[in-house]
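Spelled out from the first residue to the last, the chains are:
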Amino acid sequence: QIKESATLTRDVLEQHFNDLKGTLKKLLDERLLSLLQEVDVIEQESIKPLDECQKLIEHGVSTADDLLREGESAVDGDVGQENEKLCNFTKKALHIQLDSLPEVPSLVDVPCLSAQLDDCLLTILKNQIFRHGTVASRPPVQLEEFVEKPGGILVRWCKVDEDFTPQDYRLQFRKGSASPFEDVYVGSETEFMVLHLDPHVDYQFRVCARGDGRQEWSPWSVPQLGRTTLVPHEWTAGLEGYSLSSRRNIALRNDSQSCGVLYSKAPTYFCGQTLTFRQVLLGWLIETVGQPDRRDSLGVCVEQQNGFDSLQRDKAVCISTNGAVFVNGKEMTNQLPAVTSGSTVTFDMEVVQLGPCSNEGGNFKLRVTISSNNREVVFDWVLDQCCGSLYFGCSFSYPGWKVLVF
């Protein structure tokens, strides 16, 4: 663990500082280019009037030189030609203004470029770089428990540094050890149900935290392996009246006129394989709702029985959308809140054996706890046969109900 984490930390530090060096070089190159372009613009704008002035002066000098040579030629000619050349020279000299010069910018108006570089940037960068990054030997949070769930794992973690005040937690997982980690939860809770996992496959988990008022995350916890041996809950495909998601864990009551109970694909709700005291949990999340009906129900049953339009029957326990609880078809006096959009309904069971249980059957009871909207009812469900696992099901009379099972 020490060698592996040290190697990983070295790799992270080297990668981070290499990225920083590349980014800093890019930023410095961009700044240098910007300053050079600024020098080019000032140079071009400032030199233009001086170039124009120089061209005018050179043109005037050239004109005066030509006129001088023409005057000398007029003087050196014979008398007849001299008078004509002098006349032409005089006319030409009168039309050329040799006593005017273009306005030359004063010396104070001529730019003189220089680079102003403040050495304090190096001091600031040096101080920031020397304070950048830390190496922590112990992360403030660690993974605490993995609880197997059908097609998933309930992951719990805890704070181990008393001086650390967490604001948010960040849970990541990956399949095996070759694939990269990916975020699966960010929030303030200290547990999360990771769903859609393959049974009998190892997954790696790690968690970190963000301190109160801080932006950066803490070091990761020690990665730990978790797996589930329980197959995921799935609804039975092909029943007219219900549409299923690709993973068959979400059922939507469609607008078909057909009625009936939608059961699970298999009895995947185990109440304890050895019929000893063992808690198991089954939950539904109601995502959208339709028009309620007194026959609507969510619950578990010993076996699939076709021909019924509700789970309010023998060998089944269920809750209706109005909050009524039914045991073997009989309504209990205790009632839960009505099921609405966003409601979570859970079934929690303990197996309590009453009499001898064999292949021929025997009397035993299940202690059932049904929870909904922060309220619960607890009762004993007596059966005349041993049940190591149960089916779950739902029935809705009107379209619009959408149920996720986990």
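Please read all numbers here as calculations on a predicted model, not as lab measurements. (Residues numbered from 1 in each chain as written. Predicted model: local features only at pLDDT ≥ 70, side-chain atom pairs only at ≥ 80, totals over all residues. Heavy atoms only, no water.)

Overview of the nonpolar core
Link 1 in the chain: By size, the foremost hydrophobic cluster in this structure holds 36 residues, and its most contacted members are F347, M349 and W381.
Link 2 in the chain: Membership of the second largest hydrophobic core comes to 16 residues, among which are L143, Y169, Y185 and V207. (Core = buried A, V, L, I, M, F, W, Y, C linked by side-chain atoms within 4.5 Å. Buried < 20%, exposed > 50% of the residue type's maximum accessible area, 1.4 Å probe, protein only.)

Some remarks on the layout of surface pockets
Link 1 in the chain: Here the second largest pocket is characterised by a volume of approximately 570 Å³.
Link 2 in the chain: In terms of lining residues, the second largest pocket is bounded by 16 residues, among which R31, L35, A115, Q116 and L117 are the most central.
Link 3 in the chain: Secondary structure elements with two or more residues in the lining of the second largest pocket: α1 (2–76) and α3 (120–131).
Link 4 in the chain: The leading source of residues in the lining of the second largest pocket is α1, at six residues. (1 Å grid on protein atoms, 1.4 Å probe; cavity = no way out; pocket = protein on both sides within 12 Å on 5 of 7 lines; lining within 4 Å. Points joined across faces, edges and corners; volume = space filled by probe spheres on them. Helix = DSSP H or I, 4+ residues; strand = E, 2+ residues; numbered from the N terminus.)

Notes on the packing of aromatic side chains
Link 1 in the chain: Counted according to the given criterion, the structure contains eight aromatic pairs.
Link 2 in the chain: With a centroid separation of 5.1 Å and 80° between ring planes, the pair formed by W235 and F392 is classed as edge-to-face. With W235 in the loop between β7 (224–226) and β8 (242–244) and F392 in strand β20 (residues 389–395), the pair connects residues that are 157 residues apart, well separated along the chain. With respect to burial, W235 and F392 carry one shared label: buried.
Link 3 in the chain: Connected via pairs of aromatic rings, a cluster forms that spans F146, F173, Y203 and F205.
Link 4 in the chain: The ring of W220 has R206 lying over it, and the distance from NZ or CZ to the ring centre is 4.1 Å.
Link 5 in the chain: The ring of F308 is capped by R313, whose NZ or CZ atom sits 5.5 Å from the centre of that ring. (Phe/Tyr/Trp six-rings, centres within 6.5 Å; stacked < 30°, edge-to-face > 60°. Lys NZ or Arg CZ within 6 Å of the ring centre and 35° of its normal.)

Describing the UniProt feature "coiled-coil region" (unreviewed entry) in the protein chain
Link 1 in the chain: The sites that carry the UniProt feature "coiled-coil region" (unreviewed entry) are, in the present numbering, residues 10–45.
Link 2 in the chain: Helix makes up 100% of residues 10–45 and strand makes up 0%, while its end C-alpha atoms are separated by 53 Å. (UniProt positions renumbered as here; feature names shortened; annotations may be inferred.)

Regarding the sheet that holds strand β4 (residues 182–187)
Link 1 in the chain: Taken in spatial order, the four strands line up as β4-β3-β6-β7 in an open sheet, and their pairing is antiparallel. In this open sheet, the two edge strands, each paired with only one partner strand, are β4 and β7. Taken over all neighbouring pairs, the strand axes of this sheet differ in orientation by 30° on average, direction set aside.
Link 2 in the chain: One ladder, built from three bridges, connects strand β6 (residues 203–211) with β7; its direction is antiparallel. By the bridge assignment for β7, F205 is matched with Q224. (Pairing = 2+ DSSP bridges. Axes fitted to C-alpha atoms, helices over the stretch in contact; angles between N-to-C directions.)

Topic: α3
Link 1 in the chain: With 12 residues, α3 should reach 16 Å at 1.5 Å per residue; the first-to-last C-alpha distance of 17 Å fits that figure.
Link 2 in the chain: One or two steps after α3, the chain reaches G133, where phi turns positive at roughly 85°. (Expected span 1.5 Å × (residues − 1).)

Some points on the side chain of S371
Link 1 in the chain: With respect to the helices and strands, S371 occurs in strand β18 (residues 364–372).
Link 2 in the chain: For S371, the side chain forms a polar contact with the side chain of E376, separated by 3.5 Å.
Link 3 in the chain: In contact with S371, other than residues within four places in its own chain, are T344, V345, T346 and E376. (Polar contact = N/O pair within 3.5 Å; in protein donor to acceptor, adjacent residues only side chain to side chain. Contact = heavy atoms within 4.5 Å.)

Quick notes on the pattern of salt bridges
Note on pairing: side chains with opposite charge can pair once their charged atoms come close.
Link 1 in the chain: Throughout the structure, instances matching the rule amount to 14 salt bridges.
Link 2 in the chain: Note that D202 is salt-bridged to R227, the shortest N-O span being 2.9 Å. Of this pair, D202 sits in the loop between β5 (191–194) and β6 while R227 sits in the loop between β7 and β8, and the two are 25 residues apart along the sequence.
Link 3 in the chain: A residue is classified by how much of its surface remains accessible, and D202, at 32% relative accessible area, is partly exposed.
Link 4 in the chain: Relative accessible area serves as the criterion here: at 38%, R227 is assigned to the partly exposed category.
Link 5 in the chain: Ionic pairing is found between R367 and D380, a salt bridge with its closest N-O pair at 2.9 Å. (Salt bridge = Lys/Arg side-chain N within 4 Å of Asp/Glu carboxyl O.)

Brief notes about a nonpolar patch on the surface
Link 1 in the chain: A contiguous nonpolar surface patch, about 320 Å² in accessible area, is contributed by L13, F17, L20 and V135.
Link 2 in the chain: With respect to the element layout, F17 can be found in helix α1.
Link 3 in the chain: Overall, the relative accessible area of 32% leaves F17 in the partly exposed class. (Patch = residues over 30% accessible without salt bridge, like charges linked within 9 Å, V, L, I, M, F, W, Y side chains within 5 Å. Areas by Shrake-Rupley, 256 points an atom, 1.4 Å probe, with all protein chains shown as cover.)

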